[in-house]
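Residues per chain, in single letters:
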Amino acid sequence: MCSWITMGSGRHYRSGICCWIIFPFSLLLFLGNQTLAELRYSIPEEMKEGTVVGNVAKDLGLDKTSLIDRRFRVVSGSKDAFFEVNPDTGALRVRKKIDREELCRGNGLCSIELKILVEDPLEMHHVVVEINDINDHSPTFSEKEQQFEIAEHTSLGTRFELHSARDPDAGKNSIRTYTLTSNDHFEIEITQTDDDDKIPFLVLKNALDREQKTNHSLFLTAVDGGKPQRSGTLNISISVVDINDNRPLFSQDIYQVEIYENLPVGNTVAKVNAVDPDEGTNGEVEYSLSRTLARNIYEIFELDNLTGEIKLKGIVDYEQSDIFKLDIQASDKGTPPLTSRCKVIVKIKDVNDNPPEIEVTSLSNTVAEDSKPGTVISLISVTDKDYSVNGKTILRITEGVPFELKPSYKENIYSVVSKNILDREEVSNYEIIITATDCGEPALSTVKTLSVRISDVNDNRPHFSQNPLEYYLIENNVAGALIFSISASDNDIDDNRVVGYHITRDKDITSFLNINSDNGDILALKSFDFETLKTFQFQVVATDSGTPSLSSNVTVHVFILDQNDNAPVILYPLSSNGSAEGVEEIPRNVNAGHLVTKVRAYDADIGYNGWLLFSLQEVTDHSLFGLDRYTGQIRTLRSFTETDEAEHKLVILVKDNGNVSLSATATVIVKVVEPKEAFAASDVKSATNDEQDNNVTFYLMITLGSVSTLFLISIIVLIAMQCSKSTEYTSKYLQETNYDGTLCHSIQYRSGEKRYMLVGPRMSVGSTIVPGSHANTLMLPDRRTPGEPKGPSGDWRYSASLRAGGVMQSSVHMEESSVMQGAQGVLVQNWPTASSAADAEGGEVSPPMGAGVDSNSWHFRYGPGGPGAPPQHLKPGDVPPEAFIIPGSPAIISIRQNQGGEDDKSDFITFGKKEEAKKKKKKKKEKKDKKDKGKDDGDE
């Protein structure tokens, strides 16, 4: 869409008023989300500094309030910038005076292209300011006076070329006409060339008469077309001489040559030739350059006045000027001399002698590593002063960098954008090398390096070298001192890598540990004692200072190492006041090797620190007593003699094996008495011990009776509770009299097709025997809470009374559950286990041989399985791998079943010896046989 805006202002020039009009031309191109625009303004030259050209921000539709924030500015590769923008108002104004004739030589269009840049988002707009000419120069002649020698017989109408005036102004302000002062012999004639140059000629209109007037003085005035008009004057001096009737003639009026701009200085460009048919001096020709040429032509070319050769005097640059026009004059040596003119046109051919130029109009030196692909890093423009193919450029970017070049809507303008995700931890700085190469032969190139720094983003968590961490700490550390330090590293930089530490909220840990949040130093708030605490663990959280912060934790295991800080403690001998002293009496007639006493001691430390050694520190007679170094036993080394003393003092030193060993001493007084005195003393001690034992036995009996009473009450209450729950059963209690006293009682009851039997004083009422096709199952409910299984400890055993067939003691608790497994893969059910079970993984117990149950097909398993546990199906003879048999068990389990699958009423479970069970079976069978025999006799 095009829009024209007319803006005006006035300026005084001498007697006239010069009005100028500005025409801004806006072209908006919408490419994606970025709006690009091109404005065109027109102003006259020589404007005052600070004059407003136009409001660029308004014409581009930019918000004036955001111009400063968006860094609204003019970017230009020129060192002398003619324009600037006001970031407050958005107005484009003149920065320095512009001389159009100096800026743009010639009559062509003169314009300045500006680049207006705004950021956030990044936009670049092009502004073209056209510089209009004003009439600020007067026409001038290269010389103030021009002299002619004209023969008196010169034909009428002969033309003499006059010096052309030069006016740097262009267009209508350039030279419009020439005027000549009024006279009788000459008139002015103006010839216009193809280049619109006006050449004045002096034309003879009336014959000259040297005898009448030998010299004529005229004034030539050059007038431009400006308002007001400006003019320049040339003084013409004419001398009338005798005739030289032939003038030199050039072989051609116009010479055209082409040369390359890199032609070395001194080479011949062209050669002109003029011939004069006159003889003598009138026929000798001399060549000269016209004095009306531009000044730079005299600096570049030189002419041999005798041969007519034109040579290079200076360097020719196609980029400055691609064509030169030389006016050559040939003059003979006659009196007066005759002249003629020709034109030499020298065209310059371009050579690829200018490398491309890369201009960075905008560069973001720092880019965040979380920038999305396509982020604009820089705007670049490329120019080449050469023309045609030599001016075409190809832009490349180095490989291996996450950036690429994207062309703009305008030729030779590119943007550098990111093409991949950036990671500062991998590469923190990039050197982007951009190469611009033209298409000339040979090709020239330019390299531009852009340094881009990747700014950090908090995208890395702190990490520990290992997880978990283990530290070893010697006990008795100093409270408040540093015990160890924890460190985590973060791959980020600056604040994002500053790591703070804290211990997870645990009152137990924070009560004796403190951590320095800055460096991870961990301080102990108390001194640790290996004998009290051997190991502990806690978690440390490392958090960085980024936004948002990231954290990670590590588990720290601390092991307390033992230190020899506990001295041995004497357990025996020990006196009533607590001192390690004791008195031992031995008969005099004991033999060598007699055990006098044993010193007992312990050390709370472990390892070598707790390994005790005994030694005799002081003894009255070394030949009488010896001390075992490791056990502390004191024995006689020989028999006593009559000469040996009756009392001996032994000081025993007990020390550990720590690096700095600690020790304790015990004193033993050994009194040697006669045998009768020893026996008497022994009787007194025995009586005292018996009295103490009787008291202890009395107390034990009271305690045992109380516990038994409470236990029986508990069983009765438990049975009552179980019976009250089983309301759906119709019970029938039967007394079983066929027991030998091993079990206190047995209760059987029936419900439907099931019969139940409770055996022993400590069996639960819920125990059941369920009939099956080939096996019976005894079910005893587990009274333990879920998740708390018990297993047998290594030292459990039956009491002596149970081994003798007596009542089952507290070594076996019938309340705890075990499992009995059928012979042919039937359900696995509960069975009583040992009370001393403590292992949560459980185990299995097989019934002893001769118990009435095949040991290969029945097992008792204790552990977490209960009545609600899922059934396990095992094939006959299969035994779980974890099963084991508890040796020495006197339990005899006999479960019989009729062939028809009905339970025998004589099913029973006993606890006693295998031999007693066999005798009962045998007696019962004999009684049955006698009874059957008696019935048979009665029938007979």
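On a predicted model such as this, the values are computed, not experimentally measured, just so you know.

A look at the side chain of Arg588
So, point 1. Considering the arrangement of structural elements, one finds Arg588 in the loop between strand 45 (581–587) and strand 46 (595–598).
So, point 2. Given the relative accessible area of 14%, Arg588 is considered buried.
So, point 3. Look past the residues within four positions of Arg588 in its chain and what remains in contact with it is Phe640, Thr641, Glu642, Asp644, Ala646, Val672, Val673 and Glu674.

What to know about the sheet that holds strand 15 (residues 198–204)
So, point 1. If you trace the three strands from one edge of the open sheet to the other, you get 12-15-14, paired in antiparallel fashion. The open sheet has two edge strands, strand 12 (159–161) and strand 14 (186–192), and neither has a second partner. Across the sheet, the axes of successive neighbouring strands diverge by a mean angle of 35 degrees, strand direction being ignored.
So, point 2. Bridge analysis of strand 12 against strand 15 gives three bridges, and the strand direction is antiparallel. In the sheet register, Arg159 faces strand 15, and the bridge partner there is Val203.

A few points about the packing of aromatic side chains
So, point 1. With the rule as written, the count across this model stands at 16 aromatic pairs.
So, point 2. Note on Phe250 and Tyr287: the rings are 6.2 Å apart at their centroids and 50 degrees apart in plane angle, and the pair reads as tilted. Residue Phe250 is located in strand 18 (residues 249–250), and its partner Tyr287 is located in strand 22 (residues 285–289); the two are separated by 37 residues in the primary sequence.
So, point 3. Here Phe250 falls in the buried class, since its relative accessible area comes to 12%.
So, point 4. Chaining the aromatic ring pairs together yields one cluster made of Phe512, Phe528, Phe536 and Phe538.
So, point 5. Above the ring of Phe201, the side-chain terminus of Arg159 is found at 4.1 Å from the ring centroid.
So, point 6. In this structure, Lys534 packs its charged tip against the face of Phe530, placed 4.9 Å from the ring centre.

What to know about the environment of Leu92
So, point 1. Within the secondary structure layout, Leu92 lies in strand 8 (residues 91–94).
So, point 2. In sequence terms Leu92 and Val52 are 40 residues apart; their C-alpha atoms lie 5.8 Å from each other.
So, point 3. Those residues in contact with Leu92 that lie beyond four places of it in its chain are Thr51, Val52, Val53, Gly54, Val56, Phe83, Glu84, Val85, Leu114, Val127 and Val129.

Points about a nonpolar patch on the surface
So, point 1. A contiguous nonpolar surface patch, about 340 Å² in accessible area, is contributed by Val569, Leu571, Tyr572 and Tyr602.
So, point 2. It is strand 44 (residues 569–572) that provides the largest number of residues to the nonpolar patch, a total of three residues.
So, point 3. Residue position: Tyr572 is located in strand 44.

Considering the sheet that holds strand 40 (residues 513–515)
So, point 1. With antiparallel pairing, three strands are arranged side by side in an open sheet as 37-41-40. Each of the sheet's edge strands pairs with one partner strand only, and the pair in question is strand 37 (482–485) and strand 40. Within this sheet the neighbouring strands show an average axis-to-axis angle of 25 degrees, counted without direction.
So, point 2. With three bridges connecting them, strand 40 and strand 41 (residues 521–524) associate as antiparallel partners. Bridge pairing in strand 41 links Asn514 to Leu523.

As for the confidence of the model for the chain
So, point 1. Taken residue by residue, the chain gives an average pLDDT of 75. The fraction at 70 or more is 70%.
So, point 2. Confidence drops under pLDDT 50 across residues 1–35; counting only partners more than four residues distant or on other chains, this segment forms 84 contacts.
So, point 3. Within the model, the stretch residues 756–915 combines pLDDT values under 50 with 353 contacts to residues more than four positions away or in other chains.

Some thoughts on the side chain of Asp562
So, point 1. Tracing the backbone through its elements, the reader meets Asp562 in the loop between strand 43 (551–561) and strand 44.
So, point 2. Within the structure, Asp562 has its side chain in polar contact with the side chain of Asn609 (distance 3.3 Å).
So, point 3. When residues no more than four places from it in sequence are discounted, the contact partners of Asp562 are Glu475, Phe530, Glu531, Asp605, Ile606 and Asn609.

A short note on the pairing of strand 34 (residues 445–455)
So, point 1. Here three bridges tie strand 28 (residues 366–368) to strand 34, and the two strands are oriented parallel to one another. Residue pairing across strands places Val367 opposite Ile454, the latter belonging to strand 34.
So, point 2. Judged from the nine bridges that link them, strand 33 (residues 429–438) and strand 34 form a sheet pairing that is antiparallel. Within strand 34, the residue paired with Tyr430 across the bridge is Val452.
So, point 3. Once strand 33 ends, the chain turns through six residues before running back antiparallel as strand 34.

Some words on the state of the cysteines
So, point 1. Summed over the entire model, instances satisfying the criterion amount to one disulfide.
So, point 2. Residue Cys104 pairs covalently with Cys110 via a disulfide, S to S 2.0 Å. Since a negative S-S torsion denotes a left-handed disulfide, the Cys104-Cys110 link at about 65 degrees is right-handed.

Focus on the pattern of salt bridges
So, point 1. One pass over the full model with this rule turns up 20 salt bridges.
So, point 2. Among the salt bridges present, the one from Lys343 reaches Asp327, with a minimum N-O distance of 4.0 Å. One end of the pair, Lys343, is in strand 26 (residues 339–349); the other, Asp327, is in strand 25 (residues 323–332), with 16 residues separating them in the sequence.
So, point 3. Here Lys343 falls in the partly exposed class, since its relative accessible area comes to 22%.
So, point 4. When salt bridges with common partners are traced through the structure, they connect Arg71, Arg73 and Glu119 into a single cluster.

With respect to the pairing of strand 24 (residues 309–312)
So, point 1. Of the two faces of strand 24, the one holding Ile310 and Leu312 is buried and the one holding Glu309 and Lys311 is not buried anywhere.
So, point 2. Sheet topology places strand 20 (residues 268–271) next to strand 24; three bridges connect them, and they run antiparallel. Counterpart to Thr268 in the pairing with strand 24 is Lys311.
So, point 3. Of the strand pairs in this sheet, strand 23 (residues 301–303) and strand 24 are connected by three bridges, and their pairing is antiparallel. When the sheet's bridge partners are listed, Phe301 is paired in strand 24 with Leu312.
So, point 4. Counting the residues in the hairpin turn of strand 23 and strand 24 gives five residues, including Gly308, whose phi is positive at 80 degrees.

Let's talk about unusual backbone geometry
So, point 1. In this structure, the amide linkage connecting Lys227 to the following residue, Pro228, adopts the cis form with an omega of 0 degrees.
So, point 2. Inspection of the secondary structure puts Pro228 in the loop between strand 16 (215–224) and strand 17 (231–241).
So, point 3. The residue after Thr547, namely Pro548, is reached through a cis peptide bond having omega -5 degrees.
So, point 4. Relative to the helices and strands, Pro548 resides in the loop between strand 42 (535–544) and strand 43.
So, point 5. Residue Glu46 is not a glycine yet carries a positive backbone phi of 65 degrees.

What to know about the environment of Ser408
So, point 1. Examined against the element boundaries, Ser408 turns out to sit in the loop between strand 31 (403–407) and strand 32 (413–418).
So, point 2. A relative accessible area of 29% means that Ser408 is categorised as partly exposed.
So, point 3. Residues Ser408 and Ser381, spaced 27 residues apart in sequence, show a C-alpha to C-alpha distance of 9.6 Å.

What about the nonpolar core?
So, point 1. Membership of the largest hydrophobic core comes to 28 residues, with the highest contact counts inside it found for Phe301, Leu326, Ile328 and Val346.
So, point 2. Put simply, the parts of the chain that give this core at least two residues each are strand 19 (254–260), strand 20, strand 22, helix 3 (295–300), strand 23, strand 24, strand 25 and strand 26.
So, point 3. In this view, Phe301 contacts Val269, Leu289, Ile310, Lys311, Leu312, Lys313, Phe324, Leu326 and Val346; residues no more than four positions away in its chain are not counted.

Rules behind the numbers
- Residues numbered from 1 in each chain as written.
- Predicted model: local features only at pLDDT ≥ 70, side-chain atom pairs only at ≥ 80, totals over all residues.
- Heavy atoms only, no water.
- Helix = DSSP H or I, 4+ residues; strand = E, 2+ residues; numbered from the N terminus.
- Buried < 20%, exposed > 50% of the residue type's maximum accessible area, 1.4 Å probe, protein only.
- Contact = heavy atoms within 4.5 Å.
- Pairing = 2+ DSSP bridges.
- Axes fitted to C-alpha atoms, helices over the stretch in contact; angles between N-to-C directions.
- Phe/Tyr/Trp six-rings, centres within 6.5 Å; stacked < 30°, edge-to-face > 60°.
- Lys NZ or Arg CZ within 6 Å of the ring centre and 35° of its normal.
- Patch = residues over 30% accessible without salt bridge, like charges linked within 9 Å, V, L, I, M, F, W, Y side chains within 5 Å.
- Areas by Shrake-Rupley, 256 points an atom, 1.4 Å probe, with all protein chains shown as cover.
- Salt bridge = Lys/Arg side-chain N within 4 Å of Asp/Glu carboxyl O.
- pLDDT = per-residue confidence, 0-100.
- Polar contact = N/O pair within 3.5 Å; in protein donor to acceptor, adjacent residues only side chain to side chain.
- Disulfide = S-S within 2.5 Å.
- Core = buried A, V, L, I, M, F, W, Y, C linked by side-chain atoms within 4.5 Å.

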